[in-house]
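Geometric and topological summary
Residues per chain, in single letters:
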Amino acid sequence: GGNQAGPDAGTGRARRGTGVKQPGATVGGMTGRIKDMDRWLGDGGMELIGTVGGSFEDYGVDGEDLGWVTGSLVPTPAACNPHGVVQAGVHGLILDAAMNFAINSALAGRDRTRATLEMKIETMRPAQVGETYRLRGDVVRMARQVAYAEASVTDGADRMISRSTGTFLLSRDA
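Notes on the structure follow. (Residues numbered from 1 in each chain as written. Predicted model: local features only at pLDDT ≥ 70, side-chain atom pairs only at ≥ 80, totals over all residues. Heavy atoms only, no water.)

1. Things to note about the pairing of strand β7 (residues 146-154)
Along β7, eight of the nine residues are buried, which leaves the element largely enclosed by surrounding structure. Pairing analysis gives eight bridges linking strand β6 (residues 133-142) to β7, with the strands arranged antiparallel. Within β7, the residue paired with R134 across the bridge is T154. The antiparallel hairpin formed by β6 and β7 contains three residues in its connecting segment. Taken together, the nine bridges between β7 and strand β8 (residues 160-171) define a ladder with antiparallel strand orientation. Looking at β8, one finds that A149 is bridged to G166. Linkage of β7 to β8, two consecutive antiparallel strands, is achieved through a turn of five residues, within which D158 is found at a positive phi near 65 degrees. (Buried < 20%, exposed > 50% of the residue type's maximum accessible area, 1.4 Å probe, protein only. Helix = DSSP H or I, 4+ residues; strand = E, 2+ residues; numbered from the N terminus. Pairing = 2+ DSSP bridges.)

What follows is the structure in structure tokens.
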């Protein structure tokens, strides 16, 4: 498949990556991966992500070469207000980083994200200090100069805690 994906036929909803590494999508010995980004697992290379309790655990590309990343959020006191609830800005930090990671996992060579152009964040339920949440980022569409992505934080019952969509400027080598 190419580097573009649109809405699912007839649903009007954006296609989400499955998180399943596709058989046969092997690049450089890595199944379902375009490049090796293992050094960015954990805090994504940003100390602040680790400080608030975020961690990236796996990444790859789906059958259409669109990137994805999974991880967790176990909010620390640094992420929370005095009542132990995660601040909306922390959701923004984690969701932005997840979308960037997903996009970068789908870019070959030295290509990378350059800037977040636009981002919308929605919080639907409070995230509490010390609880464990799942984090996921997916590329929705990849164009030459920009990429579109989405990310979410969900709880153990699969309830949406927060979600985000974003548009990102790309830096390409050639």
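So that's the structure; there's more coming.
2. A word on the side chain of N104
Position of N104 relative to the elements: it lies in helix α2 (residues 88-105). Among the polar contacts listed, one links the side chain of N104 to the backbone nitrogen of T113, at a separation of 2.9 Å. Look past the residues within four positions of N104 in its chain and what remains in contact with it is K35, M37, D111, R112 and T113. (Polar contact = N/O pair within 3.5 Å; in protein donor to acceptor, adjacent residues only side chain to side chain. Contact = heavy atoms within 4.5 Å.)

3. As for the pattern of salt bridges
Counted under the stated rule, the structure contains five salt bridges. Among the salt bridges present, the one from E122 reaches R163, with a minimum N-O distance of 2.7 Å. Of this pair, E122 sits in strand β5 (residues 112-123) while R163 sits in strand β8; the two residues are 41 residues apart in sequence, bridging distant segments of the chain. Judged by its relative accessible area of 39%, R163 falls in the partly exposed class. With a shortest N-O distance of 2.4 Å, D158 and R134 are connected by a salt bridge. In this pair, D158 is assigned in the loop between β7 and β8 and R134 in strand β6, connecting sequence segments 24 residues apart. (Salt bridge = Lys/Arg side-chain N within 4 Å of Asp/Glu carboxyl O.)

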